[in-house]
Amino acid sequence: MNDARPETGYQTPETAIRLHHELDAVWGSGHGLERLSAVNHTVVGKRFMVTALVFFAIGGVLAMLIRAQLASTNSAFLDAAQYAQVFTMHGVIMMFLFAIPFFEGLAIYLLPKMLGARDLAFPRMSAYGYWCYLFGGTFLVAALLFGIAPDGGWFMYTPLSSRPYSPGINADVWLLGITFVEISALSAAIEIMVTILKLRSPGMSLTRMPIFAWYMLVVAAMMIIGFPPLILGSILLEVERAFDLPFFDPTRGGDPLLWQHLFWLFGHPEVYIIFLPAAGALSTIIPVLCRTRLEGYGLIVAAIVAMAFLSFGLWVHHMYTVGIPHVALSFFSAASALVAIPTGIQIFAWLATMAHGRPRYSIPMLHVFGFFFVFVAGGLTGVMLAMVPFDWQAHDTHFVVAHLHYVLVGGFVFPMMAAAYYWLPHITGRQPVQHLSKPAFWLIFIGFNVTFFIMHLTGLRGMPRRVFEYPQAAGWEVLNFISSVGSFVMTIGFALVALDLIMLIRHGRPFRRDPWEAGTLEWATPTPPPSYNFGSLPHIDTRADALAPRSLGPELAAGRGYLGFMRNGWMETLTVDMVSGRLDHVVVLPRPTYLPLWTAIATAAFFASLLAKIYWFTPVAFIAVVILFFLWTPATGLKQDVGPLEVGRGERALHHQEVAQPPSWWAVVFALAANATLYTSLVFGALFLWLSAPNWPPLDLDFTFVLPSLIGAGTLVTAAIAGRFANGQAGRTVTSLAVTLVAHMISVGAVAVLLMSIPAPTGHAASAAAFAVAVYVGLHAAIGAVLAIYGLWRWNSGYIGPSRMLDLRIGRLWHDYTAVAGLIGLAFPFVLQSLTGIGGR
């Protein structure tokens, strides 16, 4: 029986099969070249994982070159320049192109299914992030083929990476390539955070979320705070190299240690950002493989939040030997030891779960055992390195390399191989054959320990990192030869895993729903899953890892949940209140489009023009990126009010354009949080230079200009106030947006006068810092003007009304942030000038 509502196009299909045909017609991603327009999370998630594995294979080949070089003394296999590029690119690929994108892909694939949604909050953004990742990674690998790859280590310490010591474009490739890739990581973090907080099934409160979602929520928050310092550092170093603004040059008021602080503000949380998703997979897999519930769910949530908090207080433990004051060393040493507590809580919770259950000794469980052994060993050496006296002895030796690999391979690779064997049946619809998987595991496990346990010994015997040869008299040759043999054994193991997974995909046994008897929602979808995940969406009234997918799946497939129908050809899913899980509103998602691909190509052109120093083309590419982003917007707008919509189960909810805080509003909030972190890092950098560099700022340098600063401050405040008066009503909105536009344009003019007045930005870091802050303020005012123009266009096109003010609310967020950041930025030179003679050394 049809139940038609002409005003909204709501129609219940006659049969479940017809419902699935209709859903597939709307949600499908096409075939052939049309597939390039796919934005569906299942497709994008698989692309991320496959691409990350390709980069992992490239990084593995580079590792073999390193071990071949170090297998004997004075080897002529690679020269110093080639070795520098190889070991740098090995680290870059494994840290930036494999680990982070792989878990992003896993999260993008799994989260909507685990949360009971049909897709991520911003499918086009995840597709754009993938293309940025692919193009940025290709930049870096192609540079290796042409012999211009980065060669200053994956951490790019200054002054080695500064222009006087790295005059080629090798360092520029790292700085621009990594910044390009980090765009992908940040967009994924915002996407994941909004999806977890808003796009859950009705009834799924925070306390009922699957534990994997908790892990990814914390990781996404860490990425939003942890990645901007690296992006800022990369921008400042590239600006120094390209335009000679001296942020890290000690002869002109800069300090190489500023780079280390900015890098490790990102670099240390990065280790936990890599570990926590793997731990989330373990917390999901272990209870299922042990046929019981996870012990200590609440305690684990508290532990991962504590671990995230502590991880941001540990960055200095990578810098014990650079001359940090003893009081600070004591603090960071204690904090480094404290992080063992939340880690231990999780490990004991997993052991308790195994003790209370009936473990199945399957292939995923074998990799779980491998994780326990390797990761705990890496954690113990980490506690050793947290102690300052030991770190001074072992710093920059192979002992640190061994510790790093025990933590990262133990804490990420083994859990991810367990996850692959656990979830590949879901992705492919086939179960493993398992003829090769056991010997592959033992080859990897034995080969890994032979390789890296031995490196503890070479490190303790004084072998430094990053050297491409060593003398025979050092007595390290036998140990290095054993280590190299172990690495080749490990490589054979990974090759067998790859072959085993190919066999699984091609010749595995088909199965029906939920082969592991799990309790999470992803197993309630068909396998392999359709692009819309569920025929209808569930209502959750218990913890979402204790469900019954085998019985729930057919109910949802029959359309007996929420949104078990099609409406106007819309791609709909539901949002909830962040905390309680109460039904909030309906989100209409965009259809497949090539726009993310074109936007990523334009973004690649922007970075390529910087790398090739074709600066006249850079603004052209930037404007193209902005225009392409604006072309994304009409697809999800409404030109008339639709009011409350039927969503099934007798409930109704508003369209996302008619509510105050839809997912896009929250995305802007989180993006501004990341932006504020970058800005804080910039101001922190200037204050650090004031404390550490001599004669800072110089007495004869004046970069304070009262009139343009007052005009800029006044117009930024005016723009923010005017933006608040734009409320979707005729006349008032147009006038308010026009005032906002004019005020922002005057602000840009005032900042331009400031920039032209600052004396010698290339002469001293104080002027360079004032220049950078002013550019930041001016750029934000310019974007504010663009948003005001966009608001006027949306108003004129009919997308804005008293009930549809999303565009104005997003603009208001930007105008408010710009006013606050602008006031701080315009006051910054005066504060800096007032410190003359107070600080410095």
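Worth saying up front: this structure is predicted, and the values here are computed from it rather than measured.

Visitor: Explain helix 21 (residues 732-757) here, please?
Guide: One turn of the α-helix equals 3.6 residues, which is why residues spaced by three or four share an orientation. Along its 26 residues, helix 21 runs 38 Å from first to last C-alpha, staying within 8% of the 38 Å computed at 1.5 Å per residue. Listing the buried residues of helix 21 in full gives T733, S736, L737, T740, L741, A743, H744, S747, A750, V751 and L754. Here the buried face of helix 21 lies against helix 20 (706-725), helix 22 (765-796) and helix 23 (806-834).

Visitor: Sorry, what's going on with helix 16 (residues 549-557) here?
Guide: Of the positions making up helix 16, those classed as buried are P549, G553 and L556. Down the axis, helix 16 shows its buried residues gathered within 70° of arc, on one side only. Positive backbone phi, approximately 85°, marks G559, located one or two places after helix 16.

Visitor: Before we go on, may I ask you to explain empty space enclosed by the protein in this structure?
Guide: To find leftover empty space, one rolls a probe the size of a water molecule over the atoms. Applying the stated criterion to the full structure yields four cavities of 30 Å³ or more. In this structure, the largest cavity occupies an estimated 70 Å³ of space. What lines the largest cavity is simply L232, L236, F247, L258, L262, S681, L682, G685, A686, L689 and A769. At the level of elements, helix 6 (211-243), helix 7 (256-289) and helix 19 (663-692) are the ones that each hand at least two residues to the lining of the largest cavity. Sorting elements by how many residues they give to the lining of the largest cavity places helix 19 first, with five residues. Of the residues in the lining of the largest cavity, the class split is nine nonpolar, two polar and no charged.

Visitor: Explain the pattern of salt bridges here, please?
Guide: Oppositely charged side chains may form a pair once their charged atoms are brought near each other. Applying the stated rule across the entire model yields 15 salt bridges. A salt bridge links E22 to R18; the nearest nitrogen and oxygen atoms lie 3.4 Å apart. With E22 and R18 both in helix 1 (residues 16-27) and four residues apart, this pair spans about one turn of that helix. The class of E22 is partly exposed, set by a relative accessible area of 24%. By relative accessible area, which is 47% here, R18 ends up partly exposed. With its nearest N and O atoms 2.8 Å apart, the salt bridge here joins R241 to D172. Taken together, the residues span a long stretch of sequence, with R241 in helix 6 and D172 in helix 5 (residues 170-198) at a distance of 69 residues. Of the residues examined, D172 reaches a relative accessible area of 0% and is grouped as buried. Three or more residues are tied together by salt bridges with common partners; here these are R163, D172 and R241.

Visitor: Hey, could you run me through a nonpolar patch on the surface in this one?
Guide: A cluster of nonpolar side chains, L33, L36, Y594, W598 and I601, forms an exposed patch at the surface whose accessible area comes to about 520 Å². When you line up the elements, I601 lands in helix 17 (residues 595-611). The exposure class assigned to I601 is partly exposed, which follows from its relative accessible area of 35%.

Visitor: Would you mind going over the packing of helix 2 (residues 41-70) against helix 4 (residues 123-145) with me for this structure?
Guide: A pair of packed helices can be characterised by two numbers: the angle between their axes and the separation between those axes. For the pair helix 2 and helix 4, interaxial distance at closest approach is 10 Å and the crossing angle is 15°. With respect to each other, helix 2 and helix 4 are oriented roughly parallel. Considering how the two elements wind past one another, helix 2 and helix 4 form a crossing that is left-handed. Only S126, A127, G129, Y130, W131, Y133, L134, G137, T138, V141 and L144 of helix 4 make contact with helix 2, whose side of the interface consists of V44, R47, F48, T51, A52, F55, I58 and L62.

Visitor: When you look at the pairing of strand 7 (residues 645-648) in this model, what are you seeing that I'm missing?
Guide: The two faces of the sheet receive side chains in turn, since in a regular strand these alternate between them. Here three bridges tie strand 7 to strand 8 (residues 651-655), and the two strands are oriented antiparallel to one another. Residue L645 lies in a different strand from strand 8, and its bridge partner there is A653. As consecutive antiparallel partners, strand 7 and strand 8 are separated by two residues, and within that stretch R649 has a phi angle of approximately 55°, a positive value.

Visitor: What am I meant to see in the packing of aromatic side chains here?
Guide: Centre-to-centre distance and the angle between the planes together describe a pair of aromatic rings. What the rule picks out here adds up to 61 aromatic pairs. Measuring from ring centre to ring centre gives 5.4 Å for F48 and Y130, while their planes differ by 80°; the resulting arrangement is edge-to-face. A residue pair is termed long-range when its members are at least 10 positions apart, and F48 in helix 2 and Y130 in helix 4 qualify at 82 residues. The buried category is assigned to F48, whose relative accessible area is 1%. Note on Y679 and Y776: the rings are 4.1 Å apart at their centroids and 5° apart in plane angle, and the pair reads as stacked. With Y679 in helix 19 and Y776 in helix 22, this pair connects stretches of sequence that are 97 residues apart.

Visitor: Just checking my understanding: could you explain unusual backbone geometry for this structure?
Guide: With the exception of glycine, the majority of residues adopt a negative phi angle, and the majority of peptide bonds are in the trans configuration. Along the chain, T158 connects to P159 via a cis peptide bond; the corresponding omega equals 5°. Mapped onto the elements of the fold, P159 is located in the loop between helix 4 and helix 5. The step from T527 to P528 runs through a cis peptide bond, and the omega angle for that step is -10°. Its location among the elements puts P528 in the loop between strand 3 (509-510) and helix 16. Positioned with a positive phi, D244 is a non-glycine residue whose angle comes to about 70°. Of note, E517 is a non-glycine position whose phi angle comes to about 60°, a positive value. Residue position: E517 is located in the loop between strand 3 and helix 16.

What counts, and at which threshold
Residues numbered from 1 in each chain as written. Predicted model: local features only at pLDDT ≥ 70, side-chain atom pairs only at ≥ 80, totals over all residues. Heavy atoms only, no water. Helix = DSSP H or I, 4+ residues; strand = E, 2+ residues; numbered from the N terminus. Expected span 1.5 Å × (residues − 1). Buried < 20%, exposed > 50% of the residue type's maximum accessible area, 1.4 Å probe, protein only. Contact = heavy atoms within 4.5 Å. Arc of directions from axis to C-beta. 1 Å grid on protein atoms, 1.4 Å probe; cavity = no way out; pocket = protein on both sides within 12 Å on 5 of 7 lines; lining within 4 Å. Points joined across faces, edges and corners; volume = space filled by probe spheres on them. Nonpolar A, V, L, I, M, F, W, Y, C, P; charged D, E, K, R; others polar. Salt bridge = Lys/Arg side-chain N within 4 Å of Asp/Glu carboxyl O. Patch = residues over 30% accessible without salt bridge, like charges linked within 9 Å, V, L, I, M, F, W, Y side chains within 5 Å. Areas by Shrake-Rupley, 256 points an atom, 1.4 Å probe, with all protein chains shown as cover. Axes fitted to C-alpha atoms, helices over the stretch in contact; angles between N-to-C directions. Parallel < 35°, antiparallel > 145°, perpendicular 65-115°, else oblique. Left-handed = near helix turned anticlockwise from the far one by under 90°. Pairing = 2+ DSSP bridges. Phe/Tyr/Trp six-rings, centres within 6.5 Å; stacked < 30°, edge-to-face > 60°.

In short, geometric facts, not functional conclusions.
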